[in-house]
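Here is how the chains run, residue by residue.
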Amino acid sequence: MTTAELDLLQLREAALAYLAWEQQLSGFGVPAMQVPAVSDLPVQAAPRELPANDVAAALSRAPAAGGDRRTRLAQLEAEVRTCTSCELAKARTQTVFARGNPDSPVVFVGEGPGQEEDRLGSPFVGPAGQLLDKMITAMGFARDDVYICNVVKCRPPGNRTPLPQEAGACAPYLLGQLDAIAPRVIVALGRCAAENMGLVAGGGWRGRWGQFRGIDVMPTYHPAFLLRSPEFKRPVWEDLQKVMARLKAPGA
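(A) Quick look at the environment of phenylalanine 108. Within the secondary structure, phenylalanine 108 is located in strand β2 (residues 106-110). Using a relative accessible area of 1% as the deciding quantity, one classes phenylalanine 108 as buried. Separated by 39 residues in sequence, phenylalanine 108 and tyrosine 147 have C-alpha atoms that sit 6.3 Å apart. The contacts of phenylalanine 108, once residues within four sequence positions are left out, are Leu132, Ile136, Met139, Val146, Tyr147, Ile148, Cys149, Val187 and Leu189.

So this is what it looks like as structure tokens:
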């Protein structure tokens, strides 16, 4: 097979994979992609200044968790249930710790629970969660094969972005989860998650590999953003393909 024929074969495989991705997402209110003009793409906001004791710095300095993985996670979940470290505790219905497989090689980190998550006590169970499940399936995993959690464990009022002090109060819990699981790859869902892992600096953030405590991290758009702006499905698919390739790489 010539180089040109091999390139065409790879292009065909990539196109078929993307069509499968489109089909996976179409059942959740995400129409077929319309490729935007360059002028229509959003201008990347300048990175927000974080306080000197920002979450990423606090997490990077904290010690790794010890003990059995499931025992450690159960202890953390019990601590979260009684946590009153920030104002979010006052209005919550219940805390939202995690869902999925703690032995997973990949962890998805969002920003915080929404209304349905607050009601049911599990992350990503509303419309954005249903879309995330389809994204996970398109990657070749079953819904509960991966581990999913959030930066904060209580719902911010009106589903707003968590404040730095709220994320800081929850930082030991997120760190404990990530240290206990020790995944090969973290997928940071949305700017908030990427920012709180120290991955937003110097302009663009999405689609660029970073590291958090020695773990490879791929930041990408949040599923809730895709529901509002389905034209950005393709960049997310490209990011998830990078994750799949990294998981399959020798030594991964």
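(B) Layout of the sheet that holds strand β5 (residues 210-212). Spatial ordering of the open sheet is given by β1-β3-β2-β4-β6-β5, a layout of six strands whose pairing is mixed. Since the sheet does not close on itself, it has two edges, and those belong to β1 (98-100) and β5, each with one partner. Shown here is a sheet whose adjacent strand axes are inclined to one another by a mean of 30°, direction ignored. Sheet analysis places β5 next to strand β6 (residues 215-220), joined by three bridges and oriented antiparallel. Residue pairing for β6: phenylalanine 212 is matched across the bridge by isoleucine 215. Strand contacts of helix α6 (residues 164-181): β1, β2, β3 (147-150), β4 (185-189), β5 and β6, with the helix running at about 160° to β3, the strand carrying the most contacts.

(C) Representation of the pattern of salt bridges within the structure. Scanning the entire structure with this criterion turns up 13 salt bridges. One salt bridge in this structure joins arginine 246 and aspartate 216, with 2.8 Å as the shortest N-O distance. With arginine 246 in helix α9 (residues 233-248) and aspartate 216 in strand β6, this pair connects stretches of sequence that are 30 residues apart. Looking at arginine 246, the relative accessible area reads 30%, which means it is partly exposed. Bridged by salt links that share partners, the residues Arg99, Asp133, Arg143 and Asp144 form one connected network.

(D) Region of the structure containing empty space enclosed by the protein. Scanning the entire structure with this criterion turns up one cavity of 30 Å³ or more. Put simply, the largest cavity is a space of about 60 Å³. Lining the largest cavity are Val80, Cys83, Thr84, Ser85, Cys86, Ala89, Arg92, Thr95, Lys153, Cys154, Cys170 and Tyr173. Its residues placed into classes, the lining of the largest cavity shows seven nonpolar, three polar and two charged.

Rules behind the numbers
Residues numbered from 1 in each chain as written. Predicted model: local features only at pLDDT ≥ 70, side-chain atom pairs only at ≥ 80, totals over all residues. Heavy atoms only, no water. Helix = DSSP H or I, 4+ residues; strand = E, 2+ residues; numbered from the N terminus. Buried < 20%, exposed > 50% of the residue type's maximum accessible area, 1.4 Å probe, protein only. Contact = heavy atoms within 4.5 Å. Pairing = 2+ DSSP bridges. Axes fitted to C-alpha atoms, helices over the stretch in contact; angles between N-to-C directions. Salt bridge = Lys/Arg side-chain N within 4 Å of Asp/Glu carboxyl O. 1 Å grid on protein atoms, 1.4 Å probe; cavity = no way out; pocket = protein on both sides within 12 Å on 5 of 7 lines; lining within 4 Å. Points joined across faces, edges and corners; volume = space filled by probe spheres on them. Nonpolar A, V, L, I, M, F, W, Y, C, P; charged D, E, K, R; others polar.

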